[in-house]
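# Close look at the chain arrangement
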Amino acid sequence: MALTRYEPWSLLDRLQKEMNGLGLYDTLLGERGDADSSNIATTHWRPAVDISEESDRFVIHADLPGVDPKDIEVTMENGVLSLKGERAVEKKEDSQGYTRIERAHGTFYRRFSLPDTADADRIEAHGKNGVLEITVPKQEKVQPKRIAVKS
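Residues numbered from 1 in each chain as written. Predicted model: local features only at pLDDT ≥ 70, side-chain atom pairs only at ≥ 80, totals over all residues. Heavy atoms only, no water.

Time to look at the sheet that holds strand β3 (residues 73-77). Taken together, the three strands give an open sheet; going across it, the order is β3-β4-β5, and neighbouring strands pair in antiparallel fashion. A strand with exactly one partner marks an edge of an open sheet, and here the two such strands are β3 and β5 (106-113). Looking at each pair of strands side by side, their axes are set apart by 15° on average, direction ignored. In the sheet, β3 pairs with strand β4 (residues 80-87) via five bridges, with the strands oriented antiparallel. Paired with T75 across the strands is S82, a residue of β4. (Pairing = 2+ DSSP bridges. Helix = DSSP H or I, 4+ residues; strand = E, 2+ residues; numbered from the N terminus. Axes fitted to C-alpha atoms, helices over the stretch in contact; angles between N-to-C directions.)

This is the structure:
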């Protein structure tokens with residue numbers, strides 16, 4: 001007699017992961033802004049991204065294993081930060097007997113709308129160990145200007 005582990009939510013978890021991989025989950029739930037809607041049609045895979053806000057900057061970490069940092073294009077235009085690149089397909093021999101291939105290959109394209117406080121002139125990007133780190137400094141707060149009242 002064999003014991004089988006029963007996980008009632010495993011099918012829903014698997015469906016959510018599949019939808020995340022296709023870029024549909026965010027779209028169906030409305031969690032993606034209009035600026036990122038082109039992501040679905042123009043990409044083969046979506047790198048996982050973490051975005052955090054600190055007191056003086058925003059930090060974006062993107063998982064890009066197997067992508068050379070020189071091959072990643074980071075641009076900023078009209079308040080939208082874009083990441084673009086490609087992970088090359090590895091040539092495999094049929095004799096190796098693959099039964100499952102889960103690592104995605106091809107082009108990727110992600111876009112993020114940044115708030116008005118982002119300083120586009122001081123954005124920096126560094127790639128190390130398959131992780132791209134983008135720092136977006138915040139603009140210094142402008143102090144109110146006192147205007148003298150003349151009599």
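Turning next to the packing of aromatic side chains. This model, assessed by the stated rule, comprises one aromatic pair. Their ring planes at 65° and their centres at 5.2 Å tell us that W45 and F108 sit as a pair that is edge-to-face. Taken together, the residues span a long stretch of sequence, with W45 in the loop between α3 (39-42) and β1 (49-53) and F108 in strand β5 at a distance of 63 residues. Summarising the burial analysis for this pair, W45 and F108 share the class buried. Looking at R87, its charged tip hangs above the ring of W45, at a distance of 4.0 Å from the centre. (Phe/Tyr/Trp six-rings, centres within 6.5 Å; stacked < 30°, edge-to-face > 60°. Buried < 20%, exposed > 50% of the residue type's maximum accessible area, 1.4 Å probe, protein only. Lys NZ or Arg CZ within 6 Å of the ring centre and 35° of its normal.)

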